[in-house]
Amino acid sequence: MTQSVAQSVARMGIIGSDGRMGQAIAALLDEGEHTCAGGVGRTHDPADLAGHADVLVDFSAPDALADNLAAARGAGIPILIGTTGLSPDHHAAIDEAARTIPVLQTGNTSLGVTLLAHLVREAAARLGPDWDIEVLEMHHRMKVDAPSGTALLLGEAAAAGRNIALADATESGRDGHTGRRAPGAIGFAALRGGTVPGEHSVIFAGEDERLTFSHSAQSRAIFARGAIRAAAWLIGKAPGRYTMTDVLGL
Ligand SMILES: NC(=O)C1=CN([C@@H]2O[C@H](COP(=O)(O)OP(=O)(O)OC[C@H]3O[C@@H](n4cnc5c(N)ncnc54)[C@H](OP(=O)(O)O)[C@@H]3O)[C@@H](O)[C@H]2O)C=CC1
Ligand SMILES: O=C(O)C1=N[C@H](C(=O)O)C[C@H](O)C1
């Protein structure tokens, strides 16, 4: 694992290779400067893949995380985790792994969403707590987790702008007689249907005016492109936990 590897052709091992994202990444690798070291699914051992890869790229499922981190650590290679639906325990496991290898975990690898998170943080800081914040997302009918990883990332950005913990402000899954909106809440709403690759809006609703920041993914290529760029960037980095902001220098 050296800096020179990061500057040349990187061998990327894909976890979740038969999935929508796994296939989108493999397709881009086929026509790009880096190569696919192979792929694994539910019934394969990621440690075998890690043995002949320079970096692992994980777009699978949360229950695979422990084995994926162990495989990367065993081989001493970085890992990019794009899988969403992670719990606090999963994040603790990522923090632990990041003590010995470079790890990048993100709910969205696209350039647009990474910039959007900056704008949302800035808007939340400047507009202040009287503006109600709602995060709205829509995804394809096959998505299994809600709110999306991106929605949570954007909620975290809003909370950071307000200098509060997202967990203390979250309002989601409203249904029935919910009572009034809590002051200072950050709300989440999720729509599912069709083949939508990913739509996100962060709405700032104030007295008599509303400001909306939106991102629309028109294909999974934007996620795949960002994942490949980030995975190549991770090679040769010191152990630690990185973000897409680090990769893109935003
Ligand atoms: N960070 C980002 O930018 C993005 C993140 N994502 C996230 O990536 C993940 C995958 O999305 P998507 O490709 O659409 O989902 P898919 O369901 O299409 O693909 C997931 C793949 O992972 C495999 N898998 C499931 N469990 C395991 C396991 N334990 N070990 C290894 N492989 C496993 C599945 O196999 P099987 O079919 O046998 O279950 C499947 O092939 C989701 O969490 C999604 O939210 C998606 C897009 C962008
Ligand atoms: O499952 C998906 O498809 C997507 N998942 C990520 C998320 O949960 O935000 C990123 C993107 O929106 C597509």
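As recorded in an unreviewed UniProt entry, the chain goes by 4-hydroxy-tetrahydrodipicolinate reductase and comes from Aurantiacibacter arachoides. Annotation of the chain in UniProt includes, under Subunit (unreviewed entry), the sentence "Homotetramer." In the Subcellular location (unreviewed entry) part of its UniProt record, the chain is described as follows: "Cytoplasm".

Caption draft 1: Geometry of the UniProt feature "domain: Dihydrodipicolinate reductase C-terminal" (unreviewed entry) in the chain. The feature "domain: Dihydrodipicolinate reductase C-terminal" (unreviewed entry), as annotated in UniProt, sits at residues 112-248 in this numbering. Between the end C-alpha atoms of residues 112-248 the distance is 11 Å, and the span holds 39% helix and 27% strand.

Caption draft 2: How the structure looks around the environment of aspartate 208. Structurally, aspartate 208 can be placed in the loop between strand S9 (199-206) and strand S10 (209-216). For aspartate 208, a relative accessible area of 79% translates into the label exposed. C-alpha separation for the pair aspartate 208 and valine 55, spaced 153 residues apart in sequence, amounts to 50 Å.

Caption draft 3: Structural context of the environment of alanine 53. Tracing the backbone through its elements, the reader meets alanine 53 in the loop between helix H3 (46-50) and strand S3 (55-58). By relative accessible area, which is 5% here, alanine 53 ends up buried. In this structure the C-alpha to C-alpha distance between alanine 53 and glycine 38, which are 15 residues apart in sequence, comes to 8.2 Å. Beyond its immediate chain neighbours, meaning those up to four positions away, alanine 53 contacts Arg11, Gly13, Ala37 and Ile77.

Caption draft 4: Up close: the confidence of the model for the chain. Across the chain, pLDDT averages 96, with 97% of residues at or above 70. The low-confidence segment residues 1-7, where pLDDT is below 50, has 14 contacts with residues more than four positions distant or belonging to other chains. Here the prediction assigns the complex a pTM of 0.96, and the interface score ipTM is 0.99.

Caption draft 5: Expanded view of a nonpolar patch on the surface. A grouping of Leu111, Leu115, Leu119 and Leu250 is seen on the molecular surface, where their side chains present a nonpolar patch of about 350 Å² in accessible area. Tracing the chain through its elements places leucine 119 in helix H6 (residues 111-127).

Caption draft 6: The arrangement of the site of ligand 2 in detail. Residues in close proximity to ligand 2 include Thr84, Gly107, His139, His140, Lys143, Ser148, Gly149, Thr150, Pro197, His200 and Phe223, which together make up its full environment. Between ligand 2 and the protein, one listed contact pairs an oxygen atom with a side-chain N or O atom of threonine 84 at 3.5 Å. Contact between ligand 2 and lysine 143: an oxygen atom at 2.7 Å from a side-chain N or O atom of the residue. Its residues placed into classes, the shell around ligand 2 shows two nonpolar, eight polar and one charged. Split by domain, the residues of the shell around ligand 2 number at least three in each of domain 1 (3-109 + 221-248) and domain 2 (111-217).

Caption draft 7: A look at the sheet that holds strand S5 (residues 102-105). The six strands are arranged S2-S1-S3-S4-S5-S11 in an open sheet whose pairing can be described as parallel. Edge positions in the sheet fall to strand S2 (35-40) and strand S11 (240-242), since each of these pairs with one other strand and no more. The sheet shows a mean angle of 20° between the axes of neighbouring strands, direction not considered. Examined bridge by bridge, strand S1 (residues 11-15) and S2 share five bridges and lie parallel to one another. Bridging across to S2, methionine 12 finds its partner in cysteine 36. Set on the sheet, helix H5 (residues 88-97) makes contact with strand S4 (79-81), S5 and S11; between it and S5 the angle comes to about 150°.

Caption draft 8: Geometry of a negative patch on the surface. Taken together, Asp45, Asp48, Asp63 and Asp67 make up a surface patch of like negative charges. By the secondary structure assignment, aspartate 63 is in the loop between S3 and helix H4 (65-75).

Caption draft 9: Layout of the domain arrangement of the chain. The domain boundaries assigned to the chain delineate domain 1 (3-109 + 221-248) and domain 2 (111-217). Summarising the inter-unit geometry, the C-alpha centres of domain 1 and domain 2 are found 26 Å apart. The interface is formed by twelve residues belonging to domain 1 together with 14 residues belonging to domain 2. When domain 1 packs against domain 2, close to 960 Å² is buried across both sides, 59% of that on carbon and sulfur atoms. Here domain 1 is connected to domain 2 by zero salt bridges. On the surface where domain 1 and domain 2 come into contact, there are five residue pairs in polar contact (both at pLDDT 80 or more). Elements that contribute at least two residues to the side of domain 1 that touches domain 2 include exactly helix H9 (221-234) and helix H10 (244-248). Of the residues forming the side of domain 1 that touches domain 2, the biggest block, three residues, is contributed by H10.

About the cut-offs
- Residues numbered from 1 in each chain as written.
- Chains lettered and ligands numbered in written order.
- Predicted model: local features only at pLDDT ≥ 70, side-chain atom pairs only at ≥ 80, totals over all residues.
- Heavy atoms only, no water.
- UniProt positions renumbered as here; feature names shortened; annotations may be inferred.
- Helix = DSSP H or I, 4+ residues; strand = E, 2+ residues; numbered from the N terminus.
- Buried < 20%, exposed > 50% of the residue type's maximum accessible area, 1.4 Å probe, protein only.
- Contact = heavy atoms within 4.5 Å.
- pLDDT = per-residue confidence, 0-100.
- Patch = residues over 30% accessible without salt bridge, like charges linked within 9 Å, V, L, I, M, F, W, Y side chains within 5 Å.
- Areas by Shrake-Rupley, 256 points an atom, 1.4 Å probe, with all protein chains shown as cover.
- Salt bridge = Lys/Arg side-chain N within 4 Å of Asp/Glu carboxyl O.
- Near = heavy atom within 4 Å.
- Polar contact = N/O pair within 3.5 Å; in protein donor to acceptor, adjacent residues only side chain to side chain.
- Nonpolar A, V, L, I, M, F, W, Y, C, P; charged D, E, K, R; others polar.
- Domains from an automatic or database assignment.
- Pairing = 2+ DSSP bridges.
- Axes fitted to C-alpha atoms, helices over the stretch in contact; angles between N-to-C directions.
- Lys, Arg positive; Asp, Glu negative; His and termini not counted.
- Charge placed at Lys NZ, Arg CZ, Asp CG, Glu CD.
- Buried area = accessible area lost by both parts, 1.4 Å probe.

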